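Fold and contact review
For reference, the chains in residue letters:
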Amino acid sequence: MAEQRQVNTVEMAPLAGKVALVTGASRGVGAETARLLAASGVDVVVNYRSKERRAREVADAVVDAGRAA
């Protein structure tokens, strides 16, 4: 079984106040990346192809983290 790495948002602190475009942000790695970036103080542009409901859920999570989506 693959080991999961706990991401320390302090490691990403230099990104605070930046804006990131995350493609494929409605699911999987893209969704988790958007959430981690938001937790690190980054505003996130949530890009998706066909899963609008899931993309909106990710955008809501970004806003819940105190960032703009």
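The structure under discussion appears in the preceding block.
Nothing here was measured: the structure is a model prediction, and the numbers come from that model.

Overview of a nonpolar patch on the surface
- Judged by side-chain polarity, Val-19, Leu-21 and Val-45 come together as a nonpolar surface patch covering roughly 290 Å² of accessible area.
- Residue position: Val-45 is located in strand E2 (residues 43–46).
- According to the relative accessible area criterion, Val-45 is partly exposed, its value standing at 40%.

Here's the deal with the side chain of Ser-26
- The residue Ser-26 is located in the loop between strand E1 (19–22) and helix H1 (28–39) in this model.
- Other than its neighbours up to four places away in sequence, Ser-26 contacts Ala-31, Asn-47, Tyr-48, Lys-51, Arg-54, Ala-55 and Val-58.

Points about helix H2 (residues 52–64)
- The end-to-end C-alpha separation of H2 is 18 Å, in line with the 18 Å expected for 13 residues at 1.5 Å each.
- Regarding H2, the residues found buried are Ala-55, Val-58, Ala-59 and Val-62. An end-on view of H2 places all buried positions within 100° of arc, on one side of the element. Of the exposed residues in H2, those oriented more than 90 degrees away from the buried face are Arg-53, Arg-56 and Asp-64.
- Buried positions along H2 lie against H1 and E2.

Reading guide: rules and limits
In this numbering scheme, every chain counts its residues from 1 along its sequence in written order. Only residues with pLDDT of 70 or above have their local features reported here, since the model is predicted, and side-chain atom pairs are shown and tallied only from 80 upward, although totals for entire chains, interfaces and linings are computed over all residues. Only hydrogens and water are removed before side-chain values are computed, so all heavy atoms of the structure are retained for them. Patches draw on residues past 30% relative accessible area with no salt bridge. Two like charges within 9 Å are joined, as are two nonpolar side chains (Val, Leu, Ile, Met, Phe, Trp, Tyr) within 5 Å. Areas reported as accessible are Shrake-Rupley estimates using a 1.4 Å probe. Residue values count occlusion only from the protein chains shown. Salt bridge, as applied in this entry: a Lys or Arg side-chain nitrogen positioned within 4 Å of an Asp or Glu carboxyl oxygen. Every helix listed is a DSSP run of H or I at least four residues long, and every strand listed is a run of E at least two residues long, numbered separately from the N terminus. Exposure classes here rest on a 1.4 Å probe applied to the protein chains alone. A residue is buried below 20% of its type maximum, exposed above 50%, and partly exposed in between. Only heavy atoms matter for contacts: two residues are in contact if any of them lie within 4.5 Å across the pair. For a helix, the expected span equals 1.5 Å multiplied by the residue count minus one. Here the arc refers to the directions that run from the helix axis out to each C-beta atom.

Purely geometric numbers; function is a separate question.
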